[in-house]
Amino acid sequence: MMNPYAAPGTHEAAGYAGPDPRMAGVGCVRQGPDMMVWKQGAQLPDRCVKCNAPAQGYRLQKTFYWHESWVYVTILLGVLIYAIIALAMRKQATVAFGLCPEHKKRRHLGLGIVWGGFVVGLVVMILAANQQSGEVAIAGGALMLLGPIVGLIMARGIQPKKIDAHAAWLRVGPAFLESLPHADAGGYGYGPPQGYGPPPGYGPPPGYGPPPAY
């Protein structure tokens with residue numbers, strides 16, 4: 001379960017280094033209502049994760065954090081205790097995904113609303129304090145709260161549903177999800193990407209085992 005205020009905790013980098021043959025999609029499949037990706041070496045298709053339109057080379061790289069939902073119960077013991085347990089229990093996955101020009105603009109607009117709503121709301125509250133106006137102060141506080149929430153919803157690309165030691169389950173757009181092979185069908189992209197697993201030579205040395213029968 002992901003905290004809706006966790007966007008500032010993600011790390012993002014946009015860029016495109018040129019054509020990549022892996023952009024057909026490797027190490028990502030559809031599993032139920034979510035997309036499953038292997039944490040090591042997975043490469044999503046060069047399509048928008050929201051609407052499945054061509055991403056035209058625009059890709060974001062984000063690190064998502066996730067922990068079990070029961071951890072939120074520890075908030076009752078105090079915010080500091082929750083923070084310590086959440087940091088100890090959380091798992092993370094870094095995923096690079098594409099966005100089409102339309103959803104790229106929507107994301108930028110959402111981020112603008114996040115910061116714009118917060119700053120404008122703060123200014124309104126300061127002015128209200130100088131004028132001793134409670135109604136204006138309430139309006140400023142509401143803007144500071146609702147602006148970031150609306151902006152984060154608009155800017156959101158994909159959401160983590162579960163992360164373990166090897167894979168991440170992410171909520172993506174229905175059209176993009178439908179384009180992926182089913183995990184239970186063994187389609188293209190199913191299974192760990194090439195090179196995932198023990199290094200070459202791993203295992204018992206030659207000749208190891210029971211002696212030949214006489």
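Above this text sits the structure in question.
What comes next concerns the included structure.

Reading guide: rules and limits
Residues numbered from 1 in each chain as written. Predicted model: local features only at pLDDT ≥ 70, side-chain atom pairs only at ≥ 80, totals over all residues. Heavy atoms only, no water. Helix = DSSP H or I, 4+ residues; strand = E, 2+ residues; numbered from the N terminus. Buried < 20%, exposed > 50% of the residue type's maximum accessible area, 1.4 Å probe, protein only. Contact = heavy atoms within 4.5 Å. Polar contact = N/O pair within 3.5 Å; in protein donor to acceptor, adjacent residues only side chain to side chain. Phe/Tyr/Trp six-rings, centres within 6.5 Å; stacked < 30°, edge-to-face > 60°. Lys NZ or Arg CZ within 6 Å of the ring centre and 35° of its normal.

Further remarks concern the environment of A167. Within the secondary structure layout, A167 lies in strand β7 (residues 167-171). Residue classification places A167 among the buried residues on the basis of a relative accessible area of 3%. Apart from the residues lying within four places of it in its own chain, the contact partners of A167 are M36, V37, W38, K39 and K162.

Turning to the side chain of R30, a few remarks are in order. In this structure, R30 sits in strand β2 (residues 28-31). A polar side-chain atom of R30 sits 3.1 Å from a polar atom in the side chain of E178. Not counting the four nearest positions on each side in its chain, R30 is found in contact with L177, E178, L180, P181, H182 and A183.

This part takes up the packing of aromatic side chains. Taken as a whole and assessed by the stated rule, the structure comprises one aromatic pair. A ring pair is formed by Y72 and Y82, whose centres lie 5.8 Å apart and whose planes are at 20°; its orientation type is stacked. Remark: Y82 occurs in helix α1 (residues 79-89) and Y72 occurs in the loop between β4 (59-66) and α1; sequence separation between them is ten residues. Between the NZ or CZ atom of R90 and the centre of the ring of Y65, over which it lies, the distance is 4.1 Å. A cation sits over an aromatic face here: K162 above W169, 5.3 Å from the ring centre.

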